[in-house]
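# Observations on chain architecture
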Amino acid sequence: MCVVTPPAGRELPPICPNVRLKHQHRITVDNLPPEVRARFASDPVMALRTKTAKEFQEDIEKATVSGDWKHVHDFYLTTFGSFLELNAAFKKDASPPFNTIDDSGINTKFVNAVYDALSLTPPDAQRAVLKGIINILLREWKGCVAFLYSSLLQNPQCTSPATYVIYAHLLRQIAALAEADHYFLMHWFKKLSQKRFKQLVERLQLFISTRLFPVKSEELPPMAKCSWWIPSATKVLSLLNAANFISSTPILPFVDFYNPTLDHTDFMEDYRIWQTQGNSTRFTFCQFAFILSTVVKKAVIQKDSEQQMISMARQSLVDKVSRRQRVDMSLLFLNIKVRRVQLVSDSMDELTRNRADLKKKLKVSFVGEAGLDMGGLTKEWFLLLIRQIFHTDYGMFTFFKDSHCHWFSSWKCDNYSEFRLVGVLMGLAVYNSITLDISFPPCVYKKLLTPPVVPCDLDPPVGMVTFTLDDLQQVMPDLSHGLAELLSYEGNVEEDFCTTFQVSQEELGVIKSYNLKPGGDKIPVTNQNRKEYVQLYVDFLLNKSIYRQFTTFYYGFHSVCASDALMLLRPEEVEILVCGSPHLDMSSLQKAAQYEGYSKTDPTIRAFWDVVLGFPLKFQKRLLHFSTGSDRVPVGGMADLNFKISKIDASTDWLPISHTCFNQICLPPYKNKKELKQKLTIAISNAEGFGLE
């Protein structure tokens, strides 16, 4: 009997409680499709294992040529006839148990061959497999059932709605396994090839989507009778997601676990239930946030923000009315009024003065300039402010050319309030759906979600993450490479490197030294303690040396974005919400473009897209920045830009004009493609402070 006990100290993957399989809900012959109902033979006392992988392949080849599939049919009938036979056929060695996370004992090549050949076999052989699986699911098995289920889960027949009743019960039994079994399954899944792993993920996603929105409702049982289908599938999918996460290199991009079908469900109701009940016995997709796309998460944050905005505005109105004071509509907004020449100081003063109004809709105005903020002035304010704050001359951030990213300056001072301003700006950007041109490394967003909700007790440290050399590589690649060489050095580290547990760095032109541990300047780095040295050095650079700067920044961000929705986000998703996506697809922009005064078949429009699609990436980014105020793509893709091209009745000597608040570009009816390209290139190359409204 296989004893499944995880190694001590290892945390098991979380699976939602209350999924234990109850006897009265077990699969029965009565709720199976008619074609698979049959009397099952009793289980054999000994396995009838008579086929090797090579012999099986030979049988398939012979049957394909002769048309006689009897031997193949008998093999499938026998193999899937019982747990004993399946165990004998699919294990590398049928005798010893496998209770290690490193090896499931499955003969992977043979399993793949058996399932790959299944689609080539006649229908009676395929039905035999389904009947066998039903027989297995109907019985209580002793031993390592995780092995059994991991084999059955790879059956390609589970892609058809006709087999979904059987597939659902298989998923339910897997979801109901003990946490120790889940632990083993998770580690076995990560050993699968990318192709097989992706097939499992896609099969589960298709099952969930089809159950939510069936093409033919009569193909599936009524939802009321199988409400457990989707929770079971999602919980099994969470095991695959966990396997992907713990793999040294992710098997699939995290976006492959998104189910776009959920974009069309009532996700706000799901979020509300999750908010009020948390990880209770009631299933919600928010408990398994990996399955929700960034589009859904952004929409949840926006709706949550809007509700908070409305609540703040309503409270302001009630306060005014209760005091019998005159109601001013400006109370409904966070009004920021700044001078261009004192942009940073004015912005800090305004945000500090209006700290209680940060969750209202943002409106910006510049002193001495007429204009109503329809979104364009807000974008410009963010753009100019971020540009000044992140300039190296300002001293708050250091720019690393090798990694093309900014990092917090480690200089010490008495006032870190300007770092709070940057955090507030990022929070306001997310809150008001503005993308920012910020080049932070991914580890900043990990720190920003540690924890995702501000602790009630202000004593616990925030932003303290256990980082590795891979994280340092994203900020300081040369230093990371040097430390990696130290770890792999085969000589005498102490004699050849002459390094101690003390590090030095420049702060405002002055070299300062810091001990990585008490008495570090007197502790040499040796072959025995070099791992500790590297870990402490990484922790010093990414955590301790910038702790006060980042803490102030953290609280600034969360003073605006104090939302439970942040718990749904991965660090990569926070980055996309703040900065948008850098990946441009101008063909998608062309498909989503709207026209005013032009049609998509007009010569000027055809010439415009010929020019734009032929632009190098650098100029495509300039065009996007000229038209929208940002060269980043929002979460929903190009379609979410609502990009519009309008006709302007002006001389063709004019350059194109943009209205960034409306994501609109205005084109005169240029005579030819050459003239349009010339004028457009000039406009987008000189757009700063010109043609922006």
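Predicted model only: the values in this text are computed from it and were never measured.

## Things to note about the layout of surface pockets
Of the pockets and cavities examined, the second largest pocket occupies roughly 880 Å³. As for the second largest pocket, its lining consists of 39 residues, of which Lys 379, Asn 432, Ser 433, Ile 434 and Thr 435 are closest to the centre. The set of elements that each furnish at least two residues to the lining of the second largest pocket consists of α12 (294–322), β2 (361–366), α14 (376–389), α15 (417–431) and α25 (617–628). Each residue belonging to the lining of the second largest pocket can be placed in one class, and the counts come to 17 nonpolar, 13 polar and nine charged. Inspection of the lining of the second largest pocket shows a minimum of three residues originating in each of domain 2 (303–449) and domain 3 (586–686).

## Some thoughts on the UniProt feature "active site" (unreviewed entry) in the chain
What UniProt calls "active site" (unreviewed entry) maps, in this numbering, to Cys 661. With respect to the secondary-structure elements, Cys 661 resides in the loop between β9 (657–659) and β10 (664–667).

## Brief notes about the packing of aromatic side chains
Counting across every chain of the model gives 48 aromatic pairs. When the centroid spacing of 6.4 Å and the interplanar angle of 70 degrees are considered together, the rings of Phe 197 and Phe 257 count as edge-to-face. Of this pair, Phe 197 sits in helix α9 (residues 194–212) while Phe 257 sits in the loop between α10 (229–246) and α11 (267–277), placing them 60 residues apart in sequence. Residue classification places Phe 257 among the buried residues on the basis of a relative accessible area of 0%. Measuring from ring centre to ring centre gives 5.5 Å for Phe 550 and Phe 553, while their planes differ by 50 degrees; the resulting arrangement is tilted. Taken together, the residues span about one helical turn, with Phe 550 and Phe 553 both in helix α21 (residues 547–560) at a distance of three residues. In this structure, Phe 550 and Phe 553 share a single accessibility class: buried. Members of the aromatic cluster, joined through ring pairs, are Phe 390, Phe 397, Trp 407, Phe 408, Trp 411, Tyr 416, Phe 419, Phe 440, Phe 550 and Phe 553. Taking the ring centre of Phe 254 as reference, the NZ or CZ of Arg 570 above it sits at 4.3 Å. The cationic tip of Arg 622 hangs over the ring face of Phe 619; the distance from NZ or CZ to the ring centre is 4.9 Å.

## Quick word on empty space enclosed by the protein
By the definition in use, this model includes three cavities of 30 Å³ or more. Empty space within the second largest cavity amounts to approximately 50 Å³. If you tally residues by element for the lining of the second largest cavity, the top one is α12, at three residues. Here the lining of the second largest cavity is built from residues that sort into six nonpolar, three polar and no charged.

## As for the pattern of salt bridges
Under the defined criterion, the tally for this structure stands at 15 salt bridges. We note a salt bridge from Lys 70 to Asp 74, for which the minimum N-O separation is 2.9 Å. Linking Lys 70 with Asp 74, this pair stays in helix α2 (residues 70–79), spanning four residues, or about one helical turn. For Lys 70, a relative accessible area of 52% corresponds to the exposed category. By sharing partners, the salt bridges in this structure join Arg 340, Glu 369 and Glu 380 into a single network.

## What about unusual backbone geometry?
Glycine aside, negative phi is the norm for most residues, and most peptide bonds take the trans geometry. With an omega dihedral of -5 degrees, the bond running from Thr 450 to Pro 451 counts as a cis peptide bond. Residue position: Pro 451 is located in the loop between α16 (442–448) and α17 (469–473). Positive phi, normally seen in glycine, also occurs at Ser 433, with a value near 55 degrees. Examined against the element boundaries, Ser 433 turns out to sit in the loop between α15 and α16. Residue class for Ser 433 comes out partly exposed when judged on its relative accessible area of 37%. For Cys 498, which is not glycine, the phi dihedral falls at a positive 50 degrees. Topologically, Cys 498 is positioned in the loop between α19 (493–497) and β5 (502–507).

## Remarks on the nonpolar core
In this structure, Tyr 76 and Trp 381 are the most contacted members of the largest nonpolar core, which totals 171 residues. One finds Ala 607, Val 612, Ile 645 and Ile 665 within the second-largest nonpolar core, a separate group that totals 27 residues.

## Remarks on the packing of helix α18 (residues 477–488) against helix α20 (residues 530–542)
Relative orientation of the contacting elements α18 and α20 amounts to 165 degrees, with a least axis distance of 9 Å. One finds that α18 runs roughly antiparallel with respect to α20. Our pair here, α18 against α20, has a crossing hand that is left-handed. Counting all contacts with α18, which are made through Leu 479, Leu 483, Leu 486, Leu 487 and Ser 488, the residues of α20 involved are Arg 530, Lys 531, Tyr 533, Val 534, Tyr 537, Val 538 and Leu 541. Of the residues that constitute the contact of α18 with α20, the class distribution is nine nonpolar, one polar and two charged.

## Description of the sheet that holds strand β8 (residues 644–647)
Ordered by their spatial adjacency, four strands build an open sheet running β7-β8-β10-β9, and the pairing between neighbours is mixed. The open sheet has two edge strands, β7 (594–596) and β9, and neither has a second partner. Going from strand to strand, the sheet's axes swing by 25 degrees on average, the running direction of each strand aside. Across four bridges, the pairing between β8 and β10 is parallel. By the bridge assignment, Ile 645 is partnered in β10 with Ile 665.

Reading the values: the criteria
Counting from 1, residues in each chain are numbered in the order their sequence is written. Confidence filtering applies because this is a predicted model: local features only for residues at pLDDT of at least 70, side-chain atom pairs given and counted only at 80 or more, and all residues used for totals across whole chains, interfaces and linings. Hydrogens are left out, water is left out, and the side-chain values use all remaining heavy atoms of the structure. In the cavity and pocket records, a cavity denotes points on a 1 Å grid over the protein atoms alone where a 1.4 Å probe fits but cannot get out, a pocket denotes an open set with protein on both sides within 12 Å along at least 5 of 7 lines, and lining residues are residues with an atom within 4 Å of a point. Grid points are joined across faces, edges and corners, and a volume is the space filled by probe spheres set on the points. Under the scheme used here, helices are H or I runs from DSSP no shorter than 4 residues and strands are E runs no shorter than 2 residues, and both carry numbers assigned from the N terminus. For this classification, Asp, Glu, Lys and Arg are treated as charged, while Ala, Val, Leu, Ile, Met, Phe, Trp, Tyr, Cys and Pro are nonpolar and the rest, including Gly, are polar. Source of the domain bounds: an automatic or database domain assignment. UniProt positions are given in the numbering used here, feature names are shortened, and annotations may be inferred rather than shown by experiment. Aromatic rings from Phe, Tyr and Trp, taking only the six-membered ring of Trp, are treated as a pair when their centres fall within 6.5 Å; an angle between ring planes under 30 degrees marks them as stacked, one over 60 as edge-to-face, and anything in between as tilted. Using a 1.4 Å probe on the protein chains alone, a residue whose accessible area is under 20% of its type maximum counts as buried, one over 50% counts as exposed, and one in between counts as partly exposed. Whether a charge lies above a ring is judged from NZ of Lys or CZ of Arg, which has to be within 6 Å of the ring centre and within 35 degrees of the ring normal. By salt bridge we mean one thing: a side-chain nitrogen of Lys or Arg within 4 Å of a carboxyl oxygen of Asp or Glu. The criterion is simple. A nonpolar core is a set of buried Ala, Val, Leu, Ile, Met, Phe, Trp, Tyr and Cys residues joined through side-chain atoms within 4.5 Å. Where helices are involved, their axes are fitted lines through C-alpha atoms of the stretch in contact, as for all axes, and angles between N-to-C directions lie from 0 to 180°. When describing relative orientation, an angle under 35 degrees is termed roughly parallel and one over 145 degrees roughly antiparallel, while 65 to 115 degrees is termed roughly perpendicular and anything else oblique. In this scheme, a crossing is called left-handed if the near helix is turned counterclockwise away from the far one by less than a right angle; it is called right-handed if the turn is clockwise. Note on definitions: a residue-residue contact is assigned when non-hydrogen atoms from the two residues lie within 4.5 Å. Two strands form a pair only when DSSP identifies at least two bridges running between them.

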